Amino acid sequence: LAAVLLALLPGPNVVFLLDNPAVRESFFPSQPALAVEALAPGDLTAMDDILRRHDGPEAATHLGAWHDVDPSAFAVVRDAELDMAGFYCMLEPTRVPAAQLAADPVTACWVRHLETSPVPEGQTALFLRRWLTRDTGEAPSDVQAACWCDVKRSYLVMRDSLRRLYVTARDPQPYAEALGALGFYMLDETVEVDGQAYGTAVLDFGPRLIHSWLMRLVDNETGLA
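Since the structure is predicted, the reported quantities are computational estimates derived from the model, not experimental observations.

A. Region of the structure containing the overall build of the protein. When its secondary structure is counted, the protein shows ten helices and eight strands. Of all 225 residues assigned to the protein, the portion counted as buried reaches 49%. Here the contacts in the protein between residues at least 6 apart in sequence split such that 74% fall between residues at least 24 apart.

B. Looking closely at helix H7 (residues 105-116). The end-to-end C-alpha separation of H7 is 17 Å, in line with the 16 Å expected for twelve residues at 1.5 Å each. Within H7, burial applies to Val 106, Thr 107, Ala 108, Cys 109, Trp 110, His 113 and Leu 114. For H7, the N-terminal capping position is held by Asp 104, with its side-chain oxygen 3.0 Å away from the main-chain nitrogen of Val 106.

C. Structural detail: the nonpolar core. If you look at the biggest cluster of nonpolar residues, it comprises 31 residues, and the most contacted ones within it are Leu 128, Tyr 155, Leu 165 and Trp 213. Elements with a contribution of two residues or more to this core: strand E2 (74-78), strand E3 (84-91), strand E4 (124-133), helix H8 (142-157), strand E5 (162-169), helix H9 (176-182), strand E8 (196-204) and helix H10 (210-222). It is H8 that provides the largest number of residues to this core, a total of seven residues. Grouped together as the second largest cluster of nonpolar side chains are 30 residues, Ala 59, Cys 89, Val 96 and Val 202 included.

D. Structural view of H8. Look at H8: 23 Å from first C-alpha to last across 16 residues, which is about the 22 Å you get at 1.5 Å a residue. For H8, the complete set of buried residues consists of Val 143, Gln 144, Ala 145, Ala 146, Cys 147, Trp 148, Asp 150, Val 151, Lys 152, Ser 154, Tyr 155 and Leu 156.

E. Summary view of the side chain of His 54. If you trace the backbone, His 54 turns up in helix H4 (residues 44-54). Among residues more than four places away in sequence, those in contact with His 54 are Leu 132, Thr 133, Arg 134, Asp 135, Thr 136, Gly 137 and Arg 170.

F. A look at the packing of H4 against helix H5 (residues 57-69). With their axes 8 Å apart at the nearest point, H4 and H5 run at an angle of 145° to one another. Remark: the crossing between H4 and H5 carries right-handed chirality. Taking contact as the criterion, the partners of Leu 44, Asp 48, Leu 51 and Arg 52 in H4 are, on H5, Pro 57, Ala 59, Ala 60, Leu 63 and His 67.

G. Inspection of the environment of Ala 108 at higher detail. Here Ala 108 shows up in helix H7. It is 9.4 Å that separates the C-alpha atoms of Ala 108 and Val 191, two residues lying 83 residues apart in sequence. Discounting chain neighbours no more than four positions away, the residues touching Ala 108 are Leu 101 and Ala 102.

H. How the structure looks around unusual backbone geometry. Its identity as a non-glycine residue notwithstanding, Leu 82 has a phi of 70°, on the positive side. By secondary structure assignment, the location of Leu 82 is in the loop between E2 and E3. Phi at Asp 194 takes a positive value of approximately 55°, unusual for a residue other than glycine. In this structure, Asp 194 sits in the loop between strand E7 (191-193) and E8.

I. Geometry of the packing of aromatic side chains. All chains considered together, the criterion is met by eight aromatic pairs. Between Trp 131 and Tyr 175, the ring centres sit 5.4 Å apart and the planes meet at 90°, which makes this aromatic pair edge-to-face. With Trp 131 in strand E4 and Tyr 175 in the loop between E5 and H9, the pair connects residues that are 44 residues apart, well separated along the chain. For the pair formed by Trp 131 and Tyr 175, the shared burial category is buried. An aromatic cluster is built from Trp 110, Phe 127 and Tyr 166, whose rings are joined through pairwise contacts.

What counts and what doesn't
- Residues numbered from 1 in each chain as written.
- Predicted model: local features only at pLDDT ≥ 70, side-chain atom pairs only at ≥ 80, totals over all residues.
- Heavy atoms only, no water.
- Helix = DSSP H or I, 4+ residues; strand = E, 2+ residues; numbered from the N terminus.
- Buried < 20%, exposed > 50% of the residue type's maximum accessible area, 1.4 Å probe, protein only.
- Contact = heavy atoms within 4.5 Å.
- Expected span 1.5 Å × (residues − 1).
- Polar contact = N/O pair within 3.5 Å; in protein donor to acceptor, adjacent residues only side chain to side chain.
- Core = buried A, V, L, I, M, F, W, Y, C linked by side-chain atoms within 4.5 Å.
- Axes fitted to C-alpha atoms, helices over the stretch in contact; angles between N-to-C directions.
- Left-handed = near helix turned anticlockwise from the far one by under 90°.
- Phe/Tyr/Trp six-rings, centres within 6.5 Å; stacked < 30°, edge-to-face > 60°.

Honestly, that's just the spatial picture; any functional story needs more than this.
What follows is the structure, encoded as C-alpha coordinates:
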(Lines give C-alpha, C1' and ligand atoms only; values in the text may rest on other atoms or scores of the structure.)
Protein backbone atom coordinates (compact mmCIF):
# COMPACT_ATOMS: atom_id res chain seq x y z
CA LEU A 1 0.00 0.00 0.00
CA ALA A 2 2.79 2.40 0.84
CA ALA A 3 4.35 1.87 -2.59
CA VAL A 4 1.05 2.58 -4.33
CA LEU A 5 0.44 5.73 -2.29
CA LEU A 6 3.92 7.02 -3.07
CA ALA A 7 3.38 6.30 -6.75
CA LEU A 8 0.03 8.13 -6.82
CA LEU A 9 0.95 11.15 -4.69
CA PRO A 10 4.04 13.30 -4.26
CA GLY A 11 5.94 12.02 -1.22
CA PRO A 12 5.36 14.99 1.16
CA ASN A 13 1.60 14.83 0.58
CA VAL A 14 1.42 11.33 2.04
CA VAL A 15 2.57 12.77 5.39
CA PHE A 16 -0.68 14.72 5.68
CA LEU A 17 -2.65 11.47 5.36
CA LEU A 18 -0.53 9.73 7.99
CA ASP A 19 -0.98 12.60 10.46
CA ASN A 20 -4.70 11.81 10.73
CA PRO A 21 -5.07 8.72 12.97
CA ALA A 22 -8.39 7.66 11.40
CA VAL A 23 -6.91 7.77 7.91
CA ARG A 24 -3.58 6.26 8.98
CA GLU A 25 -5.22 3.28 10.68
CA SER A 26 -7.36 2.70 7.58
CA PHE A 27 -4.30 2.37 5.35
CA PHE A 28 -1.69 1.00 7.75
CA PRO A 29 -3.55 -0.56 10.71
CA SER A 30 -1.56 -1.64 13.72
CA GLN A 31 -2.27 -5.32 14.28
CA PRO A 32 -0.75 -8.50 15.70
CA ALA A 33 0.56 -11.34 13.53
CA LEU A 34 -2.43 -12.16 11.34
CA ALA A 35 -2.45 -13.64 7.85
CA VAL A 36 -5.03 -12.90 5.16
CA GLU A 37 -5.48 -15.51 2.45
CA ALA A 38 -8.05 -17.05 0.14
CA LEU A 39 -10.88 -19.07 1.63
CA ALA A 40 -10.20 -22.83 1.43
CA PRO A 41 -12.90 -25.54 1.16
CA GLY A 42 -12.07 -26.66 4.70
CA ASP A 43 -12.95 -23.17 5.99
CA LEU A 44 -16.65 -23.32 5.06
CA THR A 45 -17.84 -24.82 8.34
CA ALA A 46 -15.95 -22.24 10.40
CA MET A 47 -17.32 -19.41 8.24
CA ASP A 48 -20.87 -20.72 8.57
CA ASP A 49 -20.43 -20.94 12.36
CA ILE A 50 -19.28 -17.30 12.50
CA LEU A 51 -22.20 -16.15 10.35
CA ARG A 52 -24.82 -18.01 12.35
CA ARG A 53 -23.34 -16.81 15.63
CA HIS A 54 -23.23 -13.13 14.76
CA ASP A 55 -25.78 -12.63 11.95
CA GLY A 56 -28.17 -15.57 11.66
CA PRO A 57 -29.33 -18.34 9.33
CA GLU A 58 -30.60 -16.09 6.53
CA ALA A 59 -27.26 -14.27 6.37
CA ALA A 60 -25.45 -17.61 6.33
CA THR A 61 -27.62 -18.75 3.43
CA HIS A 62 -26.90 -15.61 1.40
CA LEU A 63 -23.15 -15.77 2.00
CA GLY A 64 -23.16 -19.49 1.24
CA ALA A 65 -24.85 -18.73 -2.06
CA TRP A 66 -22.18 -16.13 -2.84
CA HIS A 67 -19.51 -18.71 -2.16
CA ASP A 68 -21.18 -21.08 -4.62
CA VAL A 69 -21.22 -18.32 -7.25
CA ASP A 70 -17.76 -16.82 -6.66
CA PRO A 71 -15.43 -18.50 -4.13
CA SER A 72 -12.69 -16.03 -5.05
CA ALA A 73 -14.73 -13.24 -3.43
CA PHE A 74 -13.87 -14.56 0.04
CA ALA A 75 -10.74 -14.06 2.11
CA VAL A 76 -10.03 -15.33 5.61
CA VAL A 77 -7.89 -13.99 8.43
CA ARG A 78 -5.87 -16.63 10.29
CA ASP A 79 -4.45 -16.24 13.77
CA ALA A 80 -1.13 -17.54 15.08
CA GLU A 81 -2.63 -21.05 15.39
CA LEU A 82 -3.80 -20.85 11.73
CA ASP A 83 -7.45 -20.95 12.84
CA MET A 84 -9.99 -18.72 11.10
CA ALA A 85 -10.23 -15.53 13.13
CA GLY A 86 -12.54 -13.82 10.64
CA PHE A 87 -13.37 -13.35 6.98
CA TYR A 88 -14.69 -10.90 4.43
CA CYS A 89 -16.60 -11.19 1.15
CA MET A 90 -16.11 -8.62 -1.62
CA LEU A 91 -17.78 -8.87 -5.02
CA GLU A 92 -17.40 -7.14 -8.35
CA PRO A 93 -21.06 -6.90 -9.47
CA THR A 94 -20.34 -6.99 -13.19
CA ARG A 95 -18.70 -10.42 -12.78
CA VAL A 96 -21.49 -12.25 -10.95
CA PRO A 97 -25.02 -13.30 -12.04
CA ALA A 98 -27.67 -10.58 -11.92
CA ALA A 99 -30.13 -13.11 -10.49
CA GLN A 100 -27.91 -13.67 -7.45
CA LEU A 101 -27.48 -9.93 -6.92
CA ALA A 102 -31.28 -9.59 -6.92
CA ALA A 103 -31.76 -12.53 -4.54
CA ASP A 104 -29.61 -10.99 -1.80
CA PRO A 105 -31.43 -8.01 -0.20
CA VAL A 106 -28.17 -6.18 0.52
CA THR A 107 -26.70 -6.43 -2.98
CA ALA A 108 -30.15 -5.78 -4.48
CA CYS A 109 -30.17 -2.44 -2.62
CA TRP A 110 -26.76 -1.58 -4.03
CA VAL A 111 -27.81 -2.53 -7.56
CA ARG A 112 -30.80 -0.19 -7.25
CA HIS A 113 -28.46 2.62 -6.22
CA LEU A 114 -26.18 1.89 -9.18
CA GLU A 115 -29.19 1.97 -11.50
CA THR A 116 -30.27 5.41 -10.27
CA SER A 117 -26.70 6.70 -9.92
CA PRO A 118 -24.63 4.75 -12.46
CA VAL A 119 -20.85 4.84 -12.70
CA PRO A 120 -19.42 6.07 -16.02
CA GLU A 121 -18.75 3.57 -18.79
CA GLY A 122 -15.47 1.76 -18.29
CA GLN A 123 -15.59 2.21 -14.52
CA THR A 124 -16.76 -0.28 -11.93
CA ALA A 125 -17.84 -0.75 -8.31
CA LEU A 126 -16.99 -3.18 -5.54
CA PHE A 127 -19.49 -4.62 -3.06
CA LEU A 128 -17.90 -5.34 0.32
CA ARG A 129 -20.77 -7.63 1.25
CA ARG A 130 -19.74 -8.65 4.78
CA TRP A 131 -16.86 -8.83 7.19
CA LEU A 132 -17.05 -10.67 10.51
CA THR A 133 -14.67 -11.64 13.27
CA ARG A 134 -15.02 -14.92 15.14
CA ASP A 135 -15.02 -13.30 18.59
CA THR A 136 -16.46 -9.81 18.10
CA GLY A 137 -18.62 -9.94 14.98
CA GLU A 138 -18.57 -6.74 12.93
CA ALA A 139 -17.12 -4.59 15.74
CA PRO A 140 -13.71 -2.94 15.26
CA SER A 141 -10.85 -5.30 16.08
CA ASP A 142 -7.37 -6.34 14.99
CA VAL A 143 -8.97 -8.88 12.65
CA GLN A 144 -11.14 -6.19 11.08
CA ALA A 145 -8.02 -4.07 10.58
CA ALA A 146 -6.40 -6.95 8.70
CA CYS A 147 -9.51 -7.29 6.50
CA TRP A 148 -9.60 -3.58 5.70
CA CYS A 149 -5.91 -3.48 4.88
CA ASP A 150 -6.41 -6.30 2.38
CA VAL A 151 -9.49 -4.60 0.94
CA LYS A 152 -7.48 -1.44 0.32
CA ARG A 153 -4.79 -3.48 -1.37
CA SER A 154 -7.44 -4.85 -3.72
CA TYR A 155 -9.01 -1.58 -4.69
CA LEU A 156 -5.72 0.23 -5.05
CA VAL A 157 -4.78 -2.52 -7.52
CA MET A 158 -8.00 -1.58 -9.39
CA ARG A 159 -7.13 2.12 -9.31
CA ASP A 160 -7.53 2.55 -13.09
CA SER A 161 -11.18 1.44 -13.10
CA LEU A 162 -12.65 1.47 -9.59
CA ARG A 163 -15.14 4.30 -9.07
CA ARG A 164 -17.24 3.23 -6.07
CA LEU A 165 -17.14 1.02 -2.98
CA TYR A 166 -20.23 -0.18 -1.08
CA VAL A 167 -20.05 -1.54 2.49
CA THR A 168 -22.71 -2.62 4.97
CA ALA A 169 -23.03 -3.02 8.74
CA ARG A 170 -25.81 -3.45 11.27
CA ASP A 171 -24.18 -0.76 13.42
CA PRO A 172 -22.03 1.66 11.40
CA GLN A 173 -21.53 3.99 14.40
CA PRO A 174 -18.22 2.51 15.64
CA TYR A 175 -16.80 3.17 12.16
CA ALA A 176 -18.35 6.64 11.75
CA GLU A 177 -15.15 8.64 12.36
CA ALA A 178 -13.05 6.57 9.95
CA LEU A 179 -15.79 6.44 7.31
CA GLY A 180 -16.29 10.19 7.50
CA ALA A 181 -12.56 10.88 7.29
CA LEU A 182 -12.30 8.68 4.20
CA GLY A 183 -15.27 10.32 2.43
CA PHE A 184 -18.02 7.70 2.75
CA TYR A 185 -21.68 8.72 2.87
CA MET A 186 -24.70 6.74 4.09
CA LEU A 187 -27.55 5.65 1.81
CA ASP A 188 -31.09 6.43 3.01
CA GLU A 189 -32.27 2.88 2.29
CA THR A 190 -31.78 0.11 4.85
CA VAL A 191 -32.51 -3.58 4.37
CA GLU A 192 -33.36 -6.41 6.75
CA VAL A 193 -31.63 -9.77 7.07
CA ASP A 194 -32.59 -12.13 9.89
CA GLY A 195 -34.84 -9.37 11.23
CA GLN A 196 -31.86 -7.02 11.63
CA ALA A 197 -31.53 -3.71 9.80
CA TYR A 198 -28.36 -3.13 7.79
CA GLY A 199 -27.14 0.29 6.72
CA THR A 200 -24.95 1.03 3.71
CA ALA A 201 -21.99 3.38 3.38
CA VAL A 202 -20.74 4.36 -0.08
CA LEU A 203 -17.42 5.79 -1.17
CA ASP A 204 -17.32 7.45 -4.60
CA PHE A 205 -13.69 7.94 -5.52
CA GLY A 206 -14.38 10.68 -8.07
CA PRO A 207 -13.82 11.32 -11.77
CA ARG A 208 -10.09 10.56 -11.55
CA LEU A 209 -10.81 7.46 -9.46
CA ILE A 210 -8.34 6.57 -6.70
CA HIS A 211 -6.16 9.59 -7.49
CA SER A 212 -9.17 11.92 -7.02
CA TRP A 213 -9.93 10.34 -3.67
CA LEU A 214 -6.35 10.55 -2.39
CA MET A 215 -6.09 14.18 -3.44
CA ARG A 216 -9.36 14.94 -1.59
CA LEU A 217 -7.93 13.36 1.55
CA VAL A 218 -4.79 15.47 1.24
CA ASP A 219 -6.82 18.64 0.62
CA ASN A 220 -8.97 17.91 3.67
CA GLU A 221 -5.91 17.46 5.85
CA THR A 222 -4.20 20.60 4.54
CA GLY A 223 -7.36 22.74 4.68
CA LEU A 224 -7.47 23.26 0.92
CA ALA A 225 -10.83 21.50 0.36
